[in-house]
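For reference, the chains in residue letters:
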Amino acid sequence: MDLHKEILQRCQAQYEDIVAIRRDIHRHPEIGFEVQRTAGIAAAELEKLGITVRTGVGKTGVVGDLNVPGATRRIALRADMDALPMQEQSNPPYKSIFDGKAHMCGHDAHTAMLIGAARVLNEMKDRLKANVRFIFQPNEENLPGGAPAMIEDGVLEGVDEIFGLHVWPLVDTGKFSICEGPALGQPDTFYITILGKGGHAAVPQITVDPIVIGAQFIANLQSIVARNVDPLDSAVVSVTQFHAGTTHNVIPQSAEIVGTVRTFRKDTQRMIRNQLKNMLAAVTSMHQAEYRFEYDGGYPVTFNHAQSVQKALQATRTLAGEAHVIYPETPVLGGEDFAFYAEKIPGCFVFLGIRNPAKDIVYMCHDPRFDIDEPAMVQGMALHAMLAMNYE
Ligand code: NI
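Residues numbered from 1 in each chain as written. Predicted model: local features only at pLDDT ≥ 70, side-chain atom pairs only at ≥ 80, totals over all residues. Heavy atoms only, no water.

Draft legend 1. Quick peek at the sheet that holds strand β8 (residues 186–195). Strands sit in the order β10-β12-β8-β13 across an open sheet of four strands; the sheet is antiparallel. Of all strands in the sheet, those with a lone pairing partner are β10 (235–244) and β13 (290–296), marking the two edges. Adjacent strand axes in the sheet meet at a mean angle of 15°, parallel and antiparallel pairs treated alike. Across the sheet, helix α5 (residues 210–228) touches β8, β10 and β12 (254–263), and the angle it forms with β10 is around 170°. Lying over the sheet, helix α6 (residues 266–286) contacts β8, β10, β12 and β13, oriented at roughly 165° with respect to β13. (Pairing = 2+ DSSP bridges. Helix = DSSP H or I, 4+ residues; strand = E, 2+ residues; numbered from the N terminus. Axes fitted to C-alpha atoms, helices over the stretch in contact; angles between N-to-C directions. Contact = heavy atoms within 4.5 Å.)

As structure tokens, then:
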């Protein structure tokens, strides 16, 4: 039998069990690093297979090693485990039983699919040519992420290449989509205070008006993307808050400006950060005001390496058929902490189609009505398994 047919058949045989695991995790969502129950499920499932398991990696992560005698190379497959602090709005039979916590990003499915892949690979281990590392990671949703703590604890030691996937509501069940190069952006936040000198609105000559200065700054920064970013690159600078003043006849002391910067390239990100600060310094000094500037870097850009993309393309096209692999997919300006792994070693992050309008499964990740079309989990398990079986 063809390898991909055998893998799909074995994944299909795991399907009901893996759905049950996914629903159990969905019913009991955990947040951030506090994923002890979910991590316990992953660890117990790997141990049942006789896979070497380390727990408490990066606080609450789980790492399993399926070792192949004589193999020198190692592929890593990563799933994240954490839910979101939000309320699930729809009413599936497996609805979250915890108020204010819900798996609205599909990490329950990521965890279950990687468990399924571990089972299938364990069945086929005699034919594996490389060692396989299973990574179950906490705290994907919150800065600083869960990946840095796991990397700190050595999760990438001895790993040659890493793959991960995300359930994707913009793509139909049965399909995959893959970006080349940047897949997800770097989402940063800036916090600015303009410190002026308040006073009577009718006597502006003895004030330093932070509203006029702030307005000039906001108008000026529109030119950063238009005039400083390469037209073939992409970036966004948006001001999302501008607060100042309390009444109609007083010029306030200060103004607060908050916004977001989204980029795909490190040099572009650095340039925008510098330009924001330079413009702020110039416009405030022009008016004898002062400023505070804080800039929080989000996750780095999630970068898909060419060699890993080729492997992911080969695996997905064999599994789903060439017509069902969207490539190259348009990158998304959201963030993902898989980025930290792919900064260290070659890797690829694949989107798994889970959209099914007939079942009203159309809502984006982080929407309170989000759900996944469960049969897609066979494809997700199979992708993990196929990547590992092909690896040498
Ligand atoms: Ni997610």
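Draft legend 2. Representation of the coordination of the nickel ion in the model. Here the nickel ion is held by C105 (SG), H107 (NE2) and H166 (NE2), and the distances to it run 2.1 to 2.3 Å. Within one chain, the residues serving as donors to the nickel ion are arranged as C-x1-H-x58-H. Here the residue H107 occupies a position in helix α3 (residues 107–123), and H166 occupies one in strand β5 (residues 161–172), the gap between them amounting to 59 residues. Each member of the pair, H107 together with H166, is buried. (Donors = N, O, S within 2.8 Å, 3.2 Å for Na, K, Ca; no water. Buried < 20%, exposed > 50% of the residue type's maximum accessible area, 1.4 Å probe, protein only.)

Draft legend 3. Spatial organisation of the domain arrangement of the protein. In terms of domains, the protein is made up of domain 1 (3–185 + 301–389) and domain 2 (186–296). When each unit is reduced to the centre of its C-alpha atoms, the spacing between domain 1 and domain 2 is 40 Å. On the domain 2 side, the residues contacting the ten residues of domain 1 number eight residues. Across the interface of domain 1 and domain 2, roughly 690 Å² is buried in total on both sides, 69% from carbon and sulfur atoms. Contact with domain 2 buries surface across domain 1, with G185, V301 and L333 losing the most and accounting together for 66% of the total. The partner of E343 in a salt bridge is K266, and the shortest N-O contact between them spans 3.0 Å. At the surface where domain 1 touches domain 2, the tally comes to two residue pairs in polar contact (both at pLDDT 80 or more). Its residues assigned to classes, the side of domain 1 that touches domain 2 shows six nonpolar, three polar and one charged. (Domains from an automatic or database assignment. Buried area = accessible area lost by both parts, 1.4 Å probe. Salt bridge = Lys/Arg side-chain N within 4 Å of Asp/Glu carboxyl O. Polar contact = N/O pair within 3.5 Å; in protein donor to acceptor, adjacent residues only side chain to side chain. Nonpolar A, V, L, I, M, F, W, Y, C, P; charged D, E, K, R; others polar.)

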